[in-house]
Amino acid sequence: MASPIGLLSGRLALVTGGGSGIGRAVCHVLAREGARVVVADLNSIAAEETKKYLDDMGGRNEHLALPVDVSVGRSVQSLIVDIRGKFNSAPSIVVNSAGITRDNFLLKMDENSWNAVMNVNLKGTFLVTQAAAAAILDDKIPMSSIINIASIIGKTGNVGQCNYAASKAGVEAFTRSVSKELAKHNVRVNAVLPGFIETPMVQSVPDKVKEKFKALIPFGRMGLPEEVAEVVLFLASDRSSYVTGNCIEVSGGLAT
Ligand code: CAA
Ligand code: NAI
């Protein structure tokens, strides 16, 4: 149920990867707090499903589902044009959650797997942030917040994930750099570093590897997408008005 006066009343949010997992949970929480939400995803059917859920939550806000491939500049540009056409404004909240894995050991990793992960996770975050920030400045949005979903794996590294770990470490460095550039425009830029979260992304991880990880997590369990979404909400809202350039771990204590 969307609250009548939420933390994000009057705000417009863009969530990439909003069709599944963490992105979908973020859409739910932002809508619950009164934001209008643009659900953007490569999988347009999944994006529509998320939007339908938001509509069914019963608030008065209008939400929108749009297709995007975050790894392609033209696609990202059209997304921003479509959002401004529909809502007459740039989003004041941007959540970069679209991401993929192509796991393999270094010695077996092909160039396509390296490129795919870099293009979606790192280049996609750059393209969406750049296009959204330009629109935010153009529309003179007074306060805005960009939140990048990185990963604890960018800090710890992981067997079978040299491409993914490098992409997520890149997202952290990108976040810190861009936060310094955009602070003078009142655009805050932060990252969330989830640990192992129960979403379709982790379903393909072999059971024995999952068990190894659970043994390393002090809470002894994987996290829920909603537990990440609530931290994203904090960063999106004015409750974090003096927080920028930060990378917050949401990992059940999984050691870095
Ligand atoms: N940590 C520790 N050991 C691992 C491991 C990991 N992440 N991944 C694989 N291994 C071990 C296996 O347990 C196995 O050990 P034994 O020989 O003792 O049985 C050995 O490496 C070989 O593994 P496979 O038989 O599975 O080898 P494969 O060639 O068939 O597959 C692989 C290789 C694709 C890397 C596969 O093992 C795999 O998918 N591993 C999981 C990688 C992983 O942890 N991904 C996390 C995805 S979730 C995510 O990325 C979100 C996030 O941000 C946290
Ligand atoms: P998911 O696989 O459930 O959802 C990812 C979504 O991104 C999907 O809807 C997919 O269609 C979309 N997507 C993929 N490529 C895209 C592209 N090129 N353009 C637009 N959308 C695209 O994954 P999950 O778990 O929700 O992951 C979300 C983010 O959180 C990712 O960036 C992931 O790396 C990160 N993360 C996930 C963790 C986990 O344990 N599940 C842990 C740490 C970080």
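The preceding data block contains the structure.
None of the values given here were measured: they were computed from a predicted structure.

(A) Region of interest: the site of ligand 2. Around ligand 2, the surrounding shell holds 29 residues, and the nearest of these are Ser20, Ile22, Asp41, Tyr164 and Thr199. One nitrogen or oxygen atom from the main chain of Val70 is found 3.0 Å from a nitrogen atom belonging to ligand 2. At 3.1 Å from an oxygen atom of ligand 2 is found a main-chain nitrogen or oxygen belonging to Ser97. In the complex, the protein chains occlude 92% of the 830 Å² of accessible area that ligand 2 would expose alone. Those elements that provide at least two residues to the shell around ligand 2 are helix 1 (21–32), helix 6 (162–182) and helix 7 (200–203). No other element matches helix 7, which puts three residues into the shell around ligand 2. Tallied by class, the residues present in the shell around ligand 2 amount to 16 nonpolar, 10 polar and three charged.

(B) Spotlight on the packing of aromatic side chains. Within this structure, the stated rule accounts for two aromatic pairs. The interplanar angle of 90 degrees and the centroid separation of 6.5 Å between the aromatic rings of Phe126 and Phe174 together place this pair among those described as edge-to-face. Remark: Phe174 occurs in helix 6 and Phe126 occurs in helix 4 (residues 111–138); sequence separation between them is 48 residues. Owing to a relative accessible area of 16%, Phe174 belongs among the buried residues under this scheme.

(C) Expanded view of the nonpolar core. With 44 residues, the main nonpolar core has Leu14, Val38, Leu79, Ile83, Leu182 and Phe196 as its most contacted residues. Those elements giving two or more residues to this core turn out to be strand 1 (12–16), strand 2 (36–41), strand 3 (64–67), helix 3 (73–87), helix 4, helix 6 and strand 6 (187–194). Of all the elements, helix 4 adds the most residues to this core, at nine residues. Discounting chain neighbours no more than four positions away, the residues touching Phe196 are Ile153, Val202, Phe213, Ile217, Met222, Gly223 and Leu254.

(D) Spotlight on the sheet that holds strand 5 (residues 144–149). With parallel pairing, the seven strands of this open sheet are ordered in space as 3-2-1-4-5-6-7. Of all the strands in the sheet, the pair left with one neighbour each is strand 3 and strand 7 (247–250). Here the strands of the sheet are splayed against their neighbours by 20 degrees on average, with no regard to which way each runs. Strand direction decides the pairing type here: strand 5 and strand 6, joined by six bridges, are parallel.

(E) Broad picture of the site of ligand 1. Within the structure, ligand 1 sits among 21 residues, and Asp103, Ser151, Gln161, Tyr164 and Lys208 are positioned closest to it. Between ligand 1 and the protein, one listed contact pairs an oxygen atom with a side-chain N or O atom of Asn158 at 2.8 Å. Burial of ligand 1 by the surrounding chains reaches 69%, relative to a free accessible area of 1000 Å². Each residue belonging to the shell around ligand 1 can be placed in one class, and the counts come to 11 nonpolar, six polar and four charged.

(F) Inspection of the packing of helix 4 against helix 6 at higher detail. Running from N to C, helix 4 and helix 6 point in directions that differ by 15 degrees, and their axes come no closer than 8 Å. Classified by the angle between their axes, helix 4 and helix 6 sit roughly parallel to one another. Relative to helix 6, the crossing made by helix 4 is right-handed. Where helix 4 approaches helix 6, its residues Ser113, Trp114, Val117, Met118, Asn121, Leu122, Thr125, Phe126, Thr129 and Ala133 are matched on the opposing element by Cys162, Asn163, Tyr164, Ala166, Ser167, Lys168, Gly170, Val171, Phe174, Val178 and Leu182. A per-class count over the contact of helix 4 with helix 6 returns 13 nonpolar, seven polar and one charged.

About the thresholds
Residues numbered from 1 in each chain as written. Chains lettered and ligands numbered in written order. Predicted model: local features only at pLDDT ≥ 70, side-chain atom pairs only at ≥ 80, totals over all residues. Heavy atoms only, no water. Near = heavy atom within 4 Å. Polar contact = N/O pair within 3.5 Å; in protein donor to acceptor, adjacent residues only side chain to side chain. Areas by Shrake-Rupley, 256 points an atom, 1.4 Å probe, with all protein chains shown as cover. Helix = DSSP H or I, 4+ residues; strand = E, 2+ residues; numbered from the N terminus. Nonpolar A, V, L, I, M, F, W, Y, C, P; charged D, E, K, R; others polar. Phe/Tyr/Trp six-rings, centres within 6.5 Å; stacked < 30°, edge-to-face > 60°. Buried < 20%, exposed > 50% of the residue type's maximum accessible area, 1.4 Å probe, protein only. Core = buried A, V, L, I, M, F, W, Y, C linked by side-chain atoms within 4.5 Å. Contact = heavy atoms within 4.5 Å. Pairing = 2+ DSSP bridges. Axes fitted to C-alpha atoms, helices over the stretch in contact; angles between N-to-C directions. Parallel < 35°, antiparallel > 145°, perpendicular 65-115°, else oblique. Left-handed = near helix turned anticlockwise from the far one by under 90°.

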